[in-house]
Every structure is written in C-alpha cells, then in structure tokens.
Amino acid sequence: MSGSLLDWRYDQDQQPRRNRRGRRETPHVMGPDGSFDGDEFMSPENLMVGYLHARRGGQAPGVDGLCFGDLSPTDAYAGLRVISEALHSEEYRPQPHRPAKIPKGGGKYRQLSIPTILDKAVGKSLDLCLRSYFENIYPDLHTSPWDIFAGLELQMHETGCMHLIEMDIKDCYPSLAIHDVLNAVTEHINDPSLLRVIEQVVRGYEGHGKTRGLSQGCPLSPLMADITLRRILRPVMEDRRGNPPFWRYVDNIVGLCRNAREGRRLLSTLQAPLAQHGLHLDRKSEGNLRQRHRGPVKILGLSPYWADSGLVWKIPSELWQEIDTRIADCWNKPQPHETCTSLVQGLLNSLGPALTPATRLETVSRLMNLATRLSL
C-alpha cells in the first residue's frame, strides 16, 4: 500500500469491504462464537478503521497536544503502524492521559482523562471489535433513555404507581476496581492476545500500578463499565421478586415505586452488592408525580409530569444553564465550531423526549440562539 493521500480518500460511489487499493472499510469484529484473529485486529489497516471512527467523537487533544485535524491520513497510518508493531511484540503501552474538566453547570465540573488520538484509535478498535459480541450476550446492551422513558410510561399505565426515584452510582468510572472490570471480561472472553490488549488499554500508562478507575475519555470505557456493572448487579437484576421495576442507564438507575418507603428499600437493595465492590449509590431525585407542589422530579436530566394522555417531559431551567455553560466552553476547544456542532446534535438527541410538537421549535431556536450569541 502506498502512502499517498489518495490511498485514504473515501470513494463516495463505492463502499466495499476493501477498496480497490486494499484499504479496509470495516472493523474486525469478534465472532458470536468468540472467534478472534489477533493479527487481523492488530494490523494498521484495522486500527485505521478505529481511528476514523474515533475522530467522529471528541476532538480534544491528548497529552501530546495533537488533534485529529493535525494529522494527515498518511501521518496517522504511519503512527498506527508503530502502534501495530508494539501490539504484536506485546510492548504496547498507552501514553499518559491529559486531565480535563468539563463544565456541568452550577459551578460543577466532570473530570475526564483524555488519551492521545492514536491511543483513542486502539480503544475504539476494541470497542468496535467487542460491542456486537456483547450485544449477543446482553440484548439490552444498547438501552437508551428513550427505552427507559417508554418503560416508565407503560408501567405507570399498568400499575398506577407514580413515585419516581433516580439514583446515581457516585464517581462510577473513577471508582470501578480494575480486577472487577477484568473479571467481567474474562467471564466471556478467553483469547489471551485479546485479553492482553484489553488489560493494556484499561490499565493505561500506569500499568499494574493502576488498580481502580476507568478513563472517561477512552472509547472503550463505556462498554467496560456497562458489563462490569451488569456482573456486580446480577443478583438483584436476575431476582427482582419483591422489588419495584427499575431501569439502569450507565451509572444511573431509575425506579418506579408506590411510595417513598418503597423507594428507600429499593435504594438499599441495590446498594448492598455495589458496596461490596467499593461503589456507593446516591439518591439524586425523588418525588410523586401526583404531588407536583413538592417540587419537580428530575429523571436523566428532564422533569416529568403526568398529563391525561400520559407522561410528558420538560427541560428544567438548570439544564438550560448547563447547556449555556457547555456551549460557551466550546471556545476553549481546538476546533470550537466542530465541537459546538457535535454538542448541539447530542443535546437535541438527549432532549428528544421533551421535543413535543408544541415545544420543538422553541427548544431548537433557543439552542441556535445560544450558539449564535456566542459566535458559534
């Protein structure tokens, strides 16, 4: 394969598995039976597919200061060839992560650790390789907030229960024990070469000195956190007798109860297995939709209330303050306009349940006005 830029240019008219110059178009994925080809996964061609997927996500630079826009396709491939050789020789070691704070509104911040773009490519390649395999094991792995909202409304119609409680696993990513993550992986994967790469990415630059915490900036971390929490909460998830219905989305758990007492019991039931693994469950928001005078309930960032036709969602004022802060923070990013576009697209998707025909235009206009006011 030559190193010219043309080798990496997308051909919009043809999207074969490999193009005519041999460029790989699709990632290597683990088979439903657990089959895995280490040489194919570690090839620079496969890592380049992960690189191209990773660049669609966060644009923040790593500790080396490089963004995706700083490297030509030829430069990126050259770097991934070095990574590929290190993976084959079992000498791969991710670079240190760059700490970064993301504003959450209200003066609060979410602490992230950002890998270099080439290490992101390895993490994304693993995510692409493993995700479909774990989706076969856990069909609800791709559960979204929309699924939770739909499940809540259905249960409200069927049971008449209106008491909602949202719980949050405090500092979930930084608190997960590495041995719990690896145990969740080895329960379903036994290929030594694949397990080695997963452990290298999970432990990061610190190696065996790191015993706790997943990097929130690594593309592999959400999948690792999800399967780890599934294993930890399995006793409660598999035996729900006596418990009200509840749903988990990443590190948030939403329960539908008859009253506050039942909500406290559910929190205690879920806390027990989490505490055994050094995790703590906090109550974020709670209330009865029939008692709105006691203050709005917030579930996954939105405020629900019950109308004659069913569950309706509103965007609370404090969420708008957070959105304002996050859009303004785009100017602190290397590519502010691209970051803002990606942010607004994500916000519209997450705010979807609140975008009724009556509020859709107002909400979209408000988002666009925020971006316009900030010259974004």
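Whatever comes next refers back to the structure up there.
Keep in mind that this is a model prediction, so the values were computed, not measured.

S.K.: Can you walk me through the overall build of the chain in this structure?
M.R.: In terms of regular secondary structure, the chain is built from 14 helices and eight strands. Evaluated residue by residue, the chain yields a buried proportion of 49% over its 376 residues. Here the analysis covers contacts within the chain between residues at least 6 apart in sequence; of these, 68% occur between residues at least 24 apart. For the chain, the exposed surface amounts to about 18800 Å²; the carbon and sulfur share of it is 49%.

S.K.: What's the story with the side chain of Lys210 in this structure? I'm lost.
M.R.: Mapped onto the elements of the fold, Lys210 is located in the loop between helix 8 (192-203) and helix 9 (221-232). Among buried Asp, Glu, Lys and Arg side chains, Lys210 stands out as unpaired, with Glu206 the closest opposite charge at 4.7 Å. In this structure, Lys210 is in contact with Ile178, Val202, Arg203 and Ser215, ignoring residues within four places of it in sequence.

S.K.: Can you help me understand the pattern of salt bridges in this one?
M.R.: Proximity of charged atoms lets side chains of opposite charge pair with each other. Per the stated rule, a full pass over the model turns up 14 salt bridges. Here Arg196 ties to Glu90 by a salt bridge, and the two come within 3.5 Å at their closest N and O atoms. In this pair, Arg196 is assigned in helix 8 and Glu90 in the loop between helix 3 (73-88) and strand 1 (98-105), connecting sequence segments 106 residues apart. With relative accessibility at 21%, the residue Arg196 sits in the partly exposed group.

S.K.: Whenever I open this one, helix 12 (residues 317-328) confuses me. Can you help?
M.R.: Each α-helix turn comprises 3.6 residues. Residues three or four places apart therefore point the same way. In this model helix 12 runs 17 Å from its N-terminal to its C-terminal C-alpha over twelve residues, within 8% of the 16 Å that 1.5 Å per residue would give. Taken together, the buried positions of helix 12 are Leu319, Trp320, Glu322, Ile323 and Ile327. Taken down its axis, helix 12 places every buried residue within 160° of arc, on the same side.

S.K.: What is the right way to read the environment of Leu47 from this model?
M.R.: By the element assignment, Leu47 lies in helix 2 (residues 44-54). In this structure, the C-alpha to C-alpha distance between Leu47 and Val122, residues 75 residues apart in sequence, is 6.3 Å.

S.K.: When you look at the environment of Lys170 in this model, what are you seeing that I'm missing?
M.R.: Note on placement: Lys170 falls in the loop between strand 3 (163-169) and helix 6 (172-175). For Lys170 and His280, which are 110 residues apart along the polypeptide, the C-alpha to C-alpha distance reads 5.7 Å. Other than its neighbours up to four places away in sequence, Lys170 contacts Ser175, His280 and Asp282.

S.K.: Looking at this model, I keep getting lost on the packing of helix 7 (residues 178-186) against helix 8. Mind explaining?
M.R.: Angle between the axes and distance between the axes: these two values describe a pair of packed helices. In the contact formed by helix 7 and helix 8, the axes pass within 11 Å of each other and the chain directions differ by 155°. Taken together, the axes of helix 7 and helix 8 are roughly antiparallel relative to one another. Here the hand of the crossing between helix 7 and helix 8 comes out right-handed. Between helix 7 and helix 8, the residues in contact are Ile178, Val181, Leu182, Val185 and Thr186 and Leu195, Ile198, Glu199, Val202 and Arg203, respectively. Classifying every residue of the contact of helix 7 with helix 8 by side-chain character gives seven nonpolar, one polar and two charged.

S.K.: What should I look at first to understand the packing of helix 3 against helix 4 (residues 117-137) in this one?
M.R.: Axis separation between helix 3 and helix 4 bottoms out at 10 Å; the angle between their running directions is 65°. Crossing handedness for the pair helix 3 and helix 4: right-handed. On helix 4, the residues touching Ala76, Gly79, Leu80 and Ile83 of helix 3 are Leu118, Asp119, Ala121 and Val122. Its residues assigned to classes, the contact of helix 3 with helix 4 comprises six nonpolar, one polar and one charged.

S.K.: Explain the side chain of Gln200 to me, please; I cannot follow it from the model alone.
M.R.: Following the sequence through the fold, Gln200 ends up in helix 8. Residue classification places Gln200 among the buried residues on the basis of a relative accessible area of 15%. Within the structure, Gln200 has its side chain in polar contact with the backbone oxygen of Tyr92 (distance 3.3 Å).

S.K.: Mind showing me how you'd approach the packing of aromatic side chains here?
M.R.: The way to describe two aromatic rings as a pair is by their centre distance and the angle between their planes. The tally for this structure, following the rule as stated, stands at four aromatic pairs. Between Tyr133 and Phe134, the ring centres sit 5.5 Å apart and the planes meet at 70°, which makes this aromatic pair edge-to-face. Pair check on accessibility: Tyr133 and Phe134 agree, each one buried. Ring centres of Phe149 and Trp313 lie 4.0 Å apart, and the angle between their planes is 40°; this geometry places the pair in the tilted category. With Phe149 in helix 5 (residues 145-159) and Trp313 in strand 8 (residues 310-314), this residue pair connects regions lying 164 residues apart in the sequence. Overall, Phe149 belongs to the buried group, its relative accessible area being 5%.

Basis of the calculations
- Residues numbered from 1 in each chain as written.
- Predicted model: local features only at pLDDT ≥ 70, side-chain atom pairs only at ≥ 80, totals over all residues.
- Heavy atoms only, no water.
- Helix = DSSP H or I, 4+ residues; strand = E, 2+ residues; numbered from the N terminus.
- Buried < 20%, exposed > 50% of the residue type's maximum accessible area, 1.4 Å probe, protein only.
- Contact = heavy atoms within 4.5 Å.
- Areas by Shrake-Rupley, 256 points an atom, 1.4 Å probe, with all protein chains shown as cover.
- Lys, Arg positive; Asp, Glu negative; His and termini not counted.
- Salt bridge = Lys/Arg side-chain N within 4 Å of Asp/Glu carboxyl O.
- Expected span 1.5 Å × (residues − 1).
- Arc of directions from axis to C-beta.
- Axes fitted to C-alpha atoms, helices over the stretch in contact; angles between N-to-C directions.
- Parallel < 35°, antiparallel > 145°, perpendicular 65-115°, else oblique.
- Left-handed = near helix turned anticlockwise from the far one by under 90°.
- Nonpolar A, V, L, I, M, F, W, Y, C, P; charged D, E, K, R; others polar.
- Polar contact = N/O pair within 3.5 Å; in protein donor to acceptor, adjacent residues only side chain to side chain.
- Phe/Tyr/Trp six-rings, centres within 6.5 Å; stacked < 30°, edge-to-face > 60°.

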